[in-house]
Structure formats: C-alpha cells, structure tokens
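# Inside the fold
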Amino acid sequence: MLGQEQESLKKQVIEFAKQNLDYDIIKNDYESIFNKDAWVKCAQYGVQGWLIPKSYGGKDLGVLNTVCSMQGLGYACLDDGLLFGISAHLFACAMPILHFGTKKQKEQYLPSMWSGKIIASHSATEPKAGSDIYSLMTTAEKRGSKYVLN
C-alpha cells in the first residue's frame, strides 16, 4: 500500500499528464514522429530530474516516489514511447552517471539531462544477440589503466 506522499504525487502527475500529454499518438507513430514538445513539457515539470539529486538541480524524489510518479504518467499518457524513453533516460543513463561517473561527468551531464536540454540513450547490441543483453558475448579485460574489448 502506498503512503499519502506517494498517492499525492501520483495524482499530481496524472493531472499533469492529462493536461499536457494528450495528443494524437497514432498519427505520431504512423509518421515516426518523436514528440519533442512532450519531452520538454515533462522536463519543465521535473520528470527527468525526479531521481537526480538537488545538488545537480534535480528533484531528488527517490526511487519509490519516482516509480509511483512514473506509474501516474502511465495512467494518463498513452505515448508508451515517450514513457519508455524517459525511463531509459533516467534509469539506464542518468543513474549510471550518478552512481559511477566522475564529479566532472556528473556536473557536465546531469543538469542538461534533467532539464531536457539533452536526451540520453544507451545501446547494447551484437550480431548474434540483438538487444538481448543476456546473450551478449563481448568482454572487457582491464590491462593497466585501459580496457581491451573482445
């Protein structure tokens, strides 16, 4: 059961999405259009900064509040591509930089990521694996101060 804070956040996000993210997703999908305006609206609302610490300009909502808020977006925004993109931006890009990046990398990328100025992505593919991460065969071997990929 969610707490009062999570329920309140979720309701606020549902209202935001109903008011700002209601557009013709079928047309966008058919015409292969990425709705950059929706991305920017989400950034202005703070979505891309939910997990980013306040020291980098983010909202610092924490994982539970962020997941509840993402759930609220999912209830009211029909554009699964936008939501998937935001999730990848947050969880596959911002979080690794936050937890494993250098101070310089954090200062350089996190503010632009939460503000919507840049859209981060990550990719992982190999000829025999496609996007099945568990089937990747590439290895990274540390040799001195460098890594050799094979």
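Every chain's residues receive numbers from 1 upward, in the order its sequence appears when written. Totals for whole chains, interfaces and linings use every residue, but because this is a predicted model, local features are given only for residues with pLDDT of at least 70 and side-chain atom pairs only at 80 or more, for both listing and counting. With hydrogens and water set aside, each side-chain value is computed from the structure's full complement of heavy atoms.

At Ser-32, a position not held by glycine, the phi torsion is positive, near 55°. Mapped onto the elements, Ser-32 comes out in the loop between helix H2 (25–30) and helix H3 (36–45). Exposed residues in this analysis have more than 50% of their type's maximum accessible area, buried residues have under 20%, and partly exposed residues fall in between, with area computed by a 1.4 Å probe over protein chains only. The class of Ser-32 is exposed, set by a relative accessible area of 66%. Of note, Asp-60 is a non-glycine position whose phi angle comes to about 55°, a positive value. For Asp-60, a relative accessible area of 44% gives the class partly exposed. Secondary structure elements follow DSSP: runs of H or I of four or more residues count as helices, runs of E of two or more count as strands, with numbering from the N terminus.

This part takes up the pairing of strand S2 (residues 146–149). At least two bridges found by DSSP between two strands is the condition for calling them paired. Here 4 bridges tie strand S1 (residues 140–143) to S2, and the two strands are oriented antiparallel to one another. Pairing of Arg-143 across the sheet is with Lys-146, part of S2. Counting the residues in the hairpin turn of S1 and S2 gives 2 residues, including Gly-144, whose phi is positive at 70°.

With that settled, consider the pattern of salt bridges. The rule for a salt bridge is simple: a side-chain nitrogen of Lys or Arg has to be within 4 Å of a carboxyl oxygen of Asp or Glu. Under the criterion given, the structure shown has 5 salt bridges. In this structure, Glu-31 engages Lys-27 in a salt bridge whose closest nitrogen and oxygen atoms are separated by 3.6 Å. The class of Glu-31 is partly exposed, set by a relative accessible area of 42%. Measuring nitrogen to oxygen at the nearest pair gives 2.6 Å for the salt bridge that ties Lys-103 to Glu-107. With Lys-103 and Glu-107 both in helix H6 (residues 103–114) and 4 residues apart, the pair spans about one turn of that helix. Of the residues examined, Lys-103 reaches a relative accessible area of 57% and is grouped as exposed.

Like charges within 9 Å and nonpolar side chains (Val, Leu, Ile, Met, Phe, Trp, Tyr) within 5 Å are joined into patches, using only residues over 30% in relative accessible area that form no salt bridge. Only the protein chains shown count as cover for residues, and all accessible areas are computed by the Shrake-Rupley method using a 1.4 Å probe. A cluster of nonpolar residues, Val-63, Val-67 and Phe-91, forms a patch on the protein surface that exposes about 250 Å² of accessible area. Positionally, Val-63 belongs in helix H4 (residues 62–76). Classification of Val-63 as exposed rests on a relative accessible area of 55%.

Here helix H1 (residues 4–20) crosses H4 at 35°, and the two axes come no closer than 8 Å. In this structure, H1 meets H4 at a crossing whose hand is right-handed. Residues Glu-5, Gln-6, Leu-9, Lys-10, Val-13, Ile-14, Phe-16, Ala-17 and Lys-18 of H1 lie in contact with H4, whose contacting residues are Leu-64, Asn-65, Cys-68, Ser-69, Gln-71, Gly-72, Leu-73, Tyr-75 and Ala-76. Residues that form the contact of H1 with H4 fall into these classes: 10 nonpolar, 5 polar and 3 charged. Structural elements are reduced to axes, namely lines fitted to C-alpha atoms, with helices fitted over the stretch in contact, and the angle between N-to-C directions of any two is expressed from 0 to 180 degrees. In this scheme the handedness of a crossing depends on how the near helix is turned from the far one: anticlockwise by less than a right angle means left-handed, clockwise means right-handed. Note on definitions: a residue-residue contact is assigned when non-hydrogen atoms from the two residues lie within 4.5 Å. The nonpolar class holds Ala, Val, Leu, Ile, Met, Phe, Trp, Tyr, Cys and Pro. Asp, Glu, Lys and Arg form the charged class, and all remaining residues, Gly among them, are polar.

What follows covers the packing of H1 against H3. Think of two packed helices as two axes; the pair is described by the angle between the axes and how far apart they sit. At their nearest, the axes of H1 and H3 sit 11 Å apart, and the two run at 150° to each other. Judged by the angle between their axes, H1 and H3 are roughly antiparallel. Crossing geometry of H1 relative to H3 is assigned as right-handed. Where H1 approaches H3, its residues Gln-12, Val-13, Phe-16 and Asn-20 are matched on the opposing element by Lys-41, Cys-42 and Tyr-45. Here the residues of the contact of H1 with H3 sort into 4 nonpolar, 2 polar and 1 charged. Each angle receives one of four descriptions, namely roughly parallel if under 35 degrees, roughly antiparallel if over 145, roughly perpendicular if within 65 to 115, and oblique otherwise.

A word on the environment of Ile-119. On the secondary structure map, Ile-119 appears in the loop between H6 and S1. Counting along the chain gives 62 residues from Ile-119 to Gly-57, while the straight-line C-alpha distance between them is 16 Å. Filtering out sequence-adjacent residues up to four positions away, Ile-119 remains in contact with Phe-34, Lys-36, Trp-39 and His-89.

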